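The primary structure of each chain is shown beneath.
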Amino acid sequence: MTAIAEGLTLEETAVAELSAGLRGDLVGRDDPDYDEARKIWNGSIDRRPGLIARCAGVADVISAVKFARTFGLPTAVRSGGHSFPGLSIANDAFVIDLGLMKGVRVDPHARTARVQAGVLLGELDKETQAFGLAAPAGIVTHTGVAGLTLGGGIGWIQRKHGLSIDKLRAVDVVTADGEFVKASADEHPELFWGMRGAGSNFGIVTEFEFELVPVGPTIVAGPIFWTMEDSPEVLRFWREWSADAPDELMSIVIHRMAPPLPFVPKELHGQPVVSVIPCWIGDLDEGEKFIKPMREFGDATADVCTRKPYLMHQSMFDPSFVPHRWYYFRGFDAPELSDEMIDVTADYASRIKSPLTSFPIWQMGGAISRRSDDDSAFGGRSAGITYNIGCCTENAEGFEEERQWARDFWSALQDWQTSAYVNFMSGDEEGEGRIRAAYGPEKFDRLQALKRKWDPDNFFRLNQNIPPD
Ligand SMILES: Cc1cc2nc3c(=O)[nH]c(=O)nc-3n(C[C@H](O)[C@H](O)[C@H](O)COP(=O)(O)OP(=O)(O)OC[C@H]3O[C@@H](n4cnc5c(N)ncnc54)[C@H](O)[C@@H]3O)c2cc1C
């Protein structure tokens, strides 16, 4: 017998049969690479699943789903393993891992890409940028395309081209019954609606089809730094400057201790700073002209906003979000940045203890806000800004204290919060009420109806869950 969980054992023959039928492999607790296979991005999450099915293709995913259903196994689905609260791994669960599914096929003439679920953002960018194209995605290369897209997908080109889901044309899905279906505007349109924003609830996406847009290859981007003391003035100026920005501009504000990276001047290393990071994807001269007032504001201590390849900018944050460090994140959307929010933000930023903590404030709007709210399940189209309050330590040392700081910071801003981006939420701690708020009551009810149709038993429940009732 193979022990999956306390009180739950499977016959060796059933496990051996599943293993023999997979093109990928099955990793159990006694396998030498078990510890590697169960690791996820967030090092503070240390969970021990019972079995991990590393799927090499759609057939493996179907077999894995049918196996889990036959034996009633609690099941987690994993692609890039970057869920902040670790929703893709669980103690004593069966894990369906799509990380081996790395196919990307770009059609440069049709400007589309077919992307398998295990592809990471940097892998997708590399293939699309070979043709001067891109799909809207996120800002760290090792994040999974799958989880990011199914929750919405925000990133540097969003104000011009929208969310990742806004360029999604179709998905291949393995359902809770182990059936294979396609969802698009023409096939199962209601499922396609739900997949775009609440996607982890209705099935396992094995492949995505994106429409691509021309980007770069050269853009104008990079951080401008001020001392942390200047935070209130910098935030006020950023608010005015970014308010009427063309869609070609997206920007993020970061508060942190300046990291010891080659592009950060040595004298700033370890110093508390606020930085504005513009990213301009239009005409380069125009971009430099637009960014000028921001870089000339106050006494910037360093300015490395420059012409550079889009691919280089896409990996700029990689050293700030190194895998297996200890992380905690919460998020929320607000229509705008008020003076009171600025005061709270500057106050909490000045109390960051860990040299690894950094929290982004995202400029939203543009193309995202011009799509009808009904177009997809995503709930944050009217957000003017999105906060991603988080903390990081190298390991357990100092983590509790830093996490409490993040929780308190988030709570101190509660009065201004409207919606929330599900991919930036913590796990159970926030609860169903918060998920309902993220989508709004009408969409939540519509999502529940969809859940009753496609997953009435809530087989897919290790996610930002929409319960069937
Ligand atoms: C370093 C870092 C940077 C980030 N940057 C951004 C950013 O720039 N923009 C942004 O929008 N978000 C960003 N995020 C948040 C990110 O979108 C989510 O963490 C997302 O869930 C990651 O997807 P994944 O496939 O890596 O995650 P996983 O942990 O593998 O999965 C996350 C969730 O999706 C479900 N899931 C995974 N694969 C599938 C599938 N194939 N079919 C159905 N359900 C599936 C899982 O069950 C789980 O509930 C970032 C996260 C990290 C850690």
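None of these values were measured; they are calculated from a predicted model. (Residues numbered from 1 in each chain as written. Predicted model: local features only at pLDDT ≥ 70, side-chain atom pairs only at ≥ 80, totals over all residues. Heavy atoms only, no water.)

(A) Quick look at the packing of aromatic side chains. Counted under the stated rule, the structure contains 25 aromatic pairs. Aromatic side chains Tyr387 and Phe409 sit 6.5 Å apart centroid to centroid with 85° between the ring planes, which places their arrangement in the edge-to-face category. Taken as a pair, Tyr387 in strand S22 (residues 385–393) and Phe409 in helix H13 (residues 399–412) lie far apart in primary sequence, 22 residues in all. Taken together, the aromatic side chains of Trp41, Phe84, Trp156, Phe317, Phe321, Tyr327, Phe329, Trp362, Phe378, Tyr421 and Phe424 make up a single cluster linked through ring pairs. Of note, Arg330 hangs over the ring of Trp410, and the distance from its end group to the ring centre comes to 3.9 Å. The ring centre of Trp193 lies 3.6 Å from the NZ or CZ of Arg446, which sits over that ring. (Phe/Tyr/Trp six-rings, centres within 6.5 Å; stacked < 30°, edge-to-face > 60°. Helix = DSSP H or I, 4+ residues; strand = E, 2+ residues; numbered from the N terminus. Lys NZ or Arg CZ within 6 Å of the ring centre and 35° of its normal.)

(B) Just the pairing of strand S12 (residues 204–211), in detail. The buried fraction of S12 amounts to seven of the eight residues, a majority that puts the element mostly inside the structure. Of the strand pairs in this sheet, strand S8 (residues 112–116) and S12 are connected by five bridges, and their pairing is antiparallel. Counterpart to Val115 in the pairing with S12 is Phe208. Pairing geometry for strand S10 (residues 168–174) and S12, over six bridges, is antiparallel. Bridging across to S12, Asp172 finds its partner in Glu207. (Buried < 20%, exposed > 50% of the residue type's maximum accessible area, 1.4 Å probe, protein only. Pairing = 2+ DSSP bridges.)

(C) Focus on the sheet that holds strand S6 (residues 94–97). Spatially, the four strands line up as an open sheet ordered S3-S4-S6-S5, and their pairing is mixed. The open sheet has two edge strands with one neighbour each: strand S3 (25–28) and strand S5 (75–78). Direction aside, neighbouring strands of the sheet carry axes that sit 20° apart on average. Where strand S4 (residues 51–54) lies against S6, four bridges are found, and the strand directions are parallel. Looking across to S6, one finds that Ile52 is bridged to Val95. (Axes fitted to C-alpha atoms, helices over the stretch in contact; angles between N-to-C directions.)

(D) Highlighting the pattern of salt bridges. On inspection of all chains with the given rule, the structure shows 39 salt bridges. Residue Arg239 is joined to Glu240 by a salt bridge in which the shortest nitrogen-to-oxygen separation is 3.1 Å. The structure contains a network of salt bridges with shared partners spanning Arg114, Arg169, Asp172, Glu207 and Glu209. (Salt bridge = Lys/Arg side-chain N within 4 Å of Asp/Glu carboxyl O.)

(E) Broad picture of the layout of surface pockets. Looking at the largest pocket, its volume works out to about 540 Å³. Taken together, 29 residues line the largest pocket, and the ones lying closest to its centre are Arg47, Pro85, Leu87, Gly427 and Asp428. At the level of secondary structure, the elements contributing two or more residues to the lining of the largest pocket comprise strand S20 (326–334), H13 and helix H14 (431–439). When residues in the lining of the largest pocket are grouped by element, the largest group, four residues, is from S20. Lys39, Arg78, Ser79, Gly80 and Leu120 are the residues nearest the centre of the second largest pocket, which is lined by 19 residues in total. Tallied by class, the residues present in the lining of the second largest pocket amount to six nonpolar, seven polar and six charged. (1 Å grid on protein atoms, 1.4 Å probe; cavity = no way out; pocket = protein on both sides within 12 Å on 5 of 7 lines; lining within 4 Å. Points joined across faces, edges and corners; volume = space filled by probe spheres on them. Nonpolar A, V, L, I, M, F, W, Y, C, P; charged D, E, K, R; others polar.)

(F) The sheet that holds S8, seen in detail. Pairing is antiparallel across the open sheet formed by five strands, whose spatial order is S7-S8-S12-S10-S11. The sheet is open, and its two edges are formed by strand S7 (104–107) and strand S11 (180–184), each paired on a single side. Here the strands of the sheet are splayed against their neighbours by 15° on average, with no regard to which way each runs. Of the pairings in the sheet, the one linking S7 to S8 comprises four bridges and is antiparallel in character. Bridge pairing links Val106 to Ala113 in S8.

(G) Structural detail: the site of the ligand. Near the ligand lie 34 residues; those nearest to it are Ser79, Ser88, Ile139, Ile154 and Tyr421. A distance of 2.9 Å separates a nitrogen atom of the ligand from a polar atom in the backbone of Val205. At 3.3 Å from an oxygen atom of the ligand is found a main-chain nitrogen or oxygen belonging to Leu462. Look at the ligand: alone it shows 940 Å² of surface, and the protein chains cover 97% of it. (Near = heavy atom within 4 Å. Polar contact = N/O pair within 3.5 Å; in protein donor to acceptor, adjacent residues only side chain to side chain. Areas by Shrake-Rupley, 256 points an atom, 1.4 Å probe, with all protein chains shown as cover.)

(H) Up close: empty space enclosed by the protein. Tallied over the entire structure, the rule returns four cavities of 30 Å³ or more. Every residue lining the second largest cavity is counted, 15 residues in all, and those nearest its centre are Phe225, Arg256, Pro259, Met316 and Phe317. For the lining of the second largest cavity, the elements supplying multiple residues, two or more each, are strand S16 (249–257) and strand S17 (272–280). No other element matches S17, which puts three residues into the lining of the second largest cavity. When grouped by side-chain class, the residues that make up the lining of the second largest cavity number eleven nonpolar, three polar and one charged.

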